[in-house]
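Given next are the chains, with one letter for each unit.
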Amino acid sequence: MTTAIAYLGPQGTFTESAARLVTASSDADELLPCGDVIEVLRAVEVGDAERGVVPIENTLEGSVTATLDALAFDTDLLISGELELPVALVAAAREAVSLDEVAEVHSHPVALSACRRWLSKSLGGAERLEAASTARAAATVAEVGGPRLAIVNPLAAERYGLEVVARDIADRSGNSTRFVVVGRTLPAPTGWDKTSVVVFIEENRPGALLQLLEIFAERELNLTKIESRPTKHELGEYCFFLDVEGHLADERVGDALAAVKRTHRDVKLLGSYRRSGARRTTEAERIAADDAAYRDAAGWLADWRGRIDRSATPPVDPTEVATAVRNARTGG
Ligand SMILES: O=C(O)C(=O)Cc1ccccc1
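Residues numbered from 1 in each chain as written. Predicted model: local features only at pLDDT ≥ 70, side-chain atom pairs only at ≥ 80, totals over all residues. Heavy atoms only, no water.

Draft legend 1. Spatial organisation of the sheet that holds strand β6 (residues 90-93). A sheet is described by the order of its strands in space; here 5 strands give the open sequence β8-β7-β9-β6-β10, paired in mixed fashion. Two strands in the sheet have a free side with no partner beyond their single neighbour: β8 (127-130) and β10 (163-166). In this sheet, adjacent strand axes meet at a mean angle of 35° when their direction is disregarded. Here 3 bridges tie strand β7 (residues 104-107) to strand β9 (residues 148-152), and the two strands are oriented parallel to one another. For E104, the partnering residue across the bridge sits in β9 and is R148. Helix-sheet contacts for helix α6 (residues 134-144) involve β6, β7 and β9, and the interaxial angle to β9 is about 155°. (Pairing = 2+ DSSP bridges. Helix = DSSP H or I, 4+ residues; strand = E, 2+ residues; numbered from the N terminus. Axes fitted to C-alpha atoms, helices over the stretch in contact; angles between N-to-C directions. Contact = heavy atoms within 4.5 Å.)

Draft legend 2. Local environment of the pattern of salt bridges. Using the criterion set out here, one finds 19 salt bridges in the structure. Where E61 meets R116, a salt bridge forms, and the shortest distance between an N and an O atom there is 3.3 Å. A residue pair is termed long-range when its members are at least 10 positions apart, and E61 in the loop between β3 (51-58) and β4 (62-63) and R116 in helix α5 (residues 116-122) qualify at 55 residues. Note that E95 is salt-bridged to R94, the shortest N-O span being 3.4 Å. Put simply, E57, E82, R178, K194 and D243 are held in one network by salt bridges that share partners. (Salt bridge = Lys/Arg side-chain N within 4 Å of Asp/Glu carboxyl O.)

Draft legend 3. Focus on the confidence of the model for the chain. Averaged over every residue, the pLDDT of the chain is 92; the share at 70 or more is 99%. As a predicted assembly, this complex carries a pTM of 0.88 together with an ipTM value of 0.97. (pLDDT = per-residue confidence, 0-100.)

Draft legend 4. Layout of the site of the ligand. By nearness alone, every residue bordering the ligand is listed as L8, T13, F14, T15, P55, H108, V110, A111, S133, T134 and T177. For the ligand, an oxygen atom lies 2.9 Å from a polar atom in the backbone of F14. Contact distances for the ligand include 2.5 Å between an oxygen atom and a side-chain N or O atom of T15. Considered on its own, the ligand offers 310 Å² of accessible surface; in the complex 99% of this is hidden by protein. Looking at the shell around the ligand, the elements that each hand over two or more residues are α1 (14-24) and α4 (109-114). Looking at the shell around the ligand, its residues break down into 5 nonpolar, 6 polar and no charged. Among the domains, domain 1 (1-86 + 175-185) and domain 2 (90-166) are the pair contributing at least three residues each to the shell around the ligand. (Near = heavy atom within 4 Å. Polar contact = N/O pair within 3.5 Å; in protein donor to acceptor, adjacent residues only side chain to side chain. Areas by Shrake-Rupley, 256 points an atom, 1.4 Å probe, with all protein chains shown as cover. Nonpolar A, V, L, I, M, F, W, Y, C, P; charged D, E, K, R; others polar. Domains from an automatic or database assignment.)

Draft legend 5. Molecular detail of the packing of helix α8 (residues 208-218) against helix α9 (residues 251-264). With their axes 8 Å apart at the nearest point, α8 and α9 run at an angle of 155° to one another. Between α8 and α9, the crossing angle belongs to the class labelled roughly antiparallel. Between α8 and α9 the crossing geometry is right-handed. Within the contact between the two elements, α8 uses A208, L212, I215 and F216 and α9 uses A256, A259, V260, T263 and H264. (Parallel < 35°, antiparallel > 145°, perpendicular 65-115°, else oblique. Left-handed = near helix turned anticlockwise from the far one by under 90°.)

Next comes the structure, spelled out in structure tokens:
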């Protein structure tokens, strides 16, 4: 059984840095670079890797839609963890080039969008070419050379022998990316967790989304993400990606998910896993206290249900009472 970790490659991607952190805290013995997100998932599905690491969200660009769609439509693997990393973007070329000579800029769509302003200000005339990853773009530019730039991780520039021509080119500082670890396991609760689901709303009717959100609001559950994506069946038909604080083993979260399943049926669990960032003790305590209250209430109800006498017949029959009342009125 392999312990390899598949990731969006080739070597030098931001995802590789994330995968290395996962390796450092596990017994994984090998990193397996893959050409795109679907390939990462396939590597785990066929057993070439035990887990996979893929980018899911960027602070400047929002969701990595290829990943959301792959998780919703192309696999039954589950998210088992997440991590957030700062992302520094540089522009690099095979040999020194002046910015006004650049004819092509290659990179992953998220990286191209994250430095949109710099691109239009400094490279207005250059063609933008999307690559499967930043390192893929670096490899292309290293191979072809000429008046071409790749927008990449500084480490990738070094690895592919490129020369950095501009640094810190993202539209805002503090650009970071969230990566998820996917596999077959549903990890146990840690007290600081998150649950991701996709809900397919069957009927397009007023209030359908509100009804879904109310399930969480009524239970005082915090949603950290809500995003709609086309279902790809019909124009105008959407599904909703929700991230809710807490683990599906938490009573309150379980209760909400059961309500979502009851009202929407077509619900896909994407995973229940430890949230990134430091655990907030007060929040963890609230969840524990809350679970105790839910269990108390369930126990109270179970006690009363246990006292039901199923052999007892009702002491009065309403139809007999109605007949008696009518007869008394008519003097019959
Ligand atoms: O292409 C990469 O290096 C990736 O890991 C995907 C990505 C691209 C841009 C920002 C963050 C992650």
